[in-house]
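Letter by letter, the chains look like this.
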Amino acid sequence: MDLYLTEVDTGWRQSFCLLPTSIKAKTNGKFISYDFINLGEVQMPSGLKLCTYSWSGTFPGENMKDMPFIKQSLYHTPKEMVDCIEKWRKNHTELILMLTETPINVNVYLKSFTYTPTGGVGNYDYSIEFIEAKHVTVNTAENTATTSSAQSSNTSDSTRAATATTDTTTATEQTSTYTVKSGDCLWNIAKALLGSGSRYTEIYELNKSVIGSNPNLIYAGQVLTIPAS
């Protein structure tokens, strides 16, 4: 199990070489209170509050980094850890909080951070809290008008495209005629005019009233309707 904080904008990741004993995830529903005559206070649900994640731990000093319970590959000095977290606080950096092997993998902002140098080995005790990051888009009147105009333009473009498609389809679906010559058969006509002999059935379906019940019986001089190629 590992604990990481990753900057959303840059992808840079900070690790914790010593895990806290526990991480507290707090989720709450949001309620609005109403007072009704004869009923007293009534609370109605009104969305969700932002989740918070907090824990307390220790940044081990350099004299402790060789201890067996320290993940040396993830080690950073207490000063490096404090400087990094303070930078996030000052820049309001959006982070991804991830604790492997758990469901915790969320976008957060730093809410509070305190630390205290302790002991004689360079350790820092700290407490930290993060709050869930939720993005909100606020539309101004100008943006709304621009969006409406863009949507109207897109609708007009779609209508024109649909009309053009209909016109193209209509043109594509136009048929032509062919006068049967001596020695012709539907297979050869389909191959010559439609590119595939197997499409003779399409010619036959359009010309049943001319050909009759047997598609093999055609004769010179018959005028056949040919489907679009």
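Here, every reference points to the structure presented above.
Rules used in this analysis
- Residues numbered from 1 in each chain as written.
- Predicted model: local features only at pLDDT ≥ 70, side-chain atom pairs only at ≥ 80, totals over all residues.
- Heavy atoms only, no water.
- Helix = DSSP H or I, 4+ residues; strand = E, 2+ residues; numbered from the N terminus.
- Expected span 1.5 Å × (residues − 1).
- Buried < 20%, exposed > 50% of the residue type's maximum accessible area, 1.4 Å probe, protein only.
- Contact = heavy atoms within 4.5 Å.
- Phe/Tyr/Trp six-rings, centres within 6.5 Å; stacked < 30°, edge-to-face > 60°.
- Arc of directions from axis to C-beta.
- Pairing = 2+ DSSP bridges.
- Patch = residues over 30% accessible without salt bridge, like charges linked within 9 Å, V, L, I, M, F, W, Y side chains within 5 Å.
- Areas by Shrake-Rupley, 256 points an atom, 1.4 Å probe, with all protein chains shown as cover.
- Salt bridge = Lys/Arg side-chain N within 4 Å of Asp/Glu carboxyl O.
- Lys, Arg positive; Asp, Glu negative; His and termini not counted.
- Charge placed at Lys NZ, Arg CZ, Asp CG, Glu CD.
- Axes fitted to C-alpha atoms, helices over the stretch in contact; angles between N-to-C directions.

Further remarks concern helix α1 (residues 78-91). Residue pairs three or four apart in sequence face the same way in an α-helix, which turns once every 3.6 residues. Along its 14 residues, α1 runs 20 Å from first to last C-alpha, staying within 8% of the 20 Å computed at 1.5 Å per residue. Among the residues of α1, those classed as buried are Pro78, Met81, Val82, Cys84, Ile85, Glu86 and Trp88. In this fold, the buried residues of α1 make contact with β1 (3-7), β2 (13-15), β6 (52-59), β7 (95-99), β8 (105-118) and β9 (123-132). In the stretch just after α1, His92 is the one whose phi turns positive, near 50 degrees.

This part is about the packing of aromatic side chains. As enumerated under the stated definition, the model contains nine aromatic pairs in all. Taking 6.3 Å as the distance between ring centres and 40 degrees as the angle between the ring planes, the aromatic pair formed by Phe16 and Phe59 counts as tilted. On the criterion of sequence distance, the pair formed by Phe16 in the loop between β2 and β3 (24-26) and Phe59 in strand β6 is long-range, its members being 43 residues apart. Its relative accessible area of 3% is what places Phe16 among the buried residues. Among the residues examined, Phe59 registers a relative accessible area of 3% and is labelled buried.

A few words now on helix α3 (residues 186-194). Taken residue by residue, α3 has Leu186, Ile189, Ala190 and Leu194 as its buried positions. Angular distribution of buried residues about the axis of α3 spans 100 degrees; they occupy a single face of the element. In this structure, α3 carries Lys191 and Ala192 as exposed residues pointing more than 90 degrees from its buried face. In this structure, the buried residues of α3 make contact with β10 (176-179), α4 (200-206), α5 (208-211) and β11 (223-226). Just downstream of α3 lies Gly195, where phi reads positive at about 90 degrees.

Before going further, it helps to examine the pairing of β1. One face of the sheet, then the other: side chains in a regular strand alternate in exactly this way. For β1, the buried fraction is high: five of the five residues fall into the buried class. With burial as the criterion, each face of β1 is covered, one bearing Leu3, Leu5 and Glu7 and the other bearing Tyr4 and Thr6. Examined bridge by bridge, β1 and β7 share five bridges and lie antiparallel to one another. Its bridge partner being in β7, Glu7 is matched across the sheet by Leu95. Alignment of β1 against β2, held across three bridges, turns out to be antiparallel. Looking at β2, one finds that Thr6 is bridged to Arg13.

This part is about a positive patch on the surface. Together, Lys24, Lys26, Lys49 and Lys111 make up a region of like positive charge exposed at the surface. Take Lys111: it is sitting in strand β8.

With that out of the way, let us pick up the pattern of salt bridges. One pass over the full model with this rule turns up six salt bridges. We note a salt bridge from Lys71 to Asp2, for which the minimum N-O separation is 2.5 Å. A residue pair is termed long-range when its members are at least 10 positions apart, and Lys71 in the loop between β6 and α1 and Asp2 in the segment before β1 qualify at 69 residues.

In this section: the sheet that holds β2. Strand order in the open sheet formed by seven strands is β2-β1-β7-β8-β9-β6-β3, with antiparallel pairing between adjacent strands. The open sheet has two edge strands with one neighbour each: β2 and β3. Averaged over all pairs of adjacent strands, the angle between their axes in this sheet comes to 30 degrees, without regard to strand direction. Docked against the sheet, α1 engages β1, β2, β6, β7, β8 and β9, running at close to 130 degrees with respect to β8.

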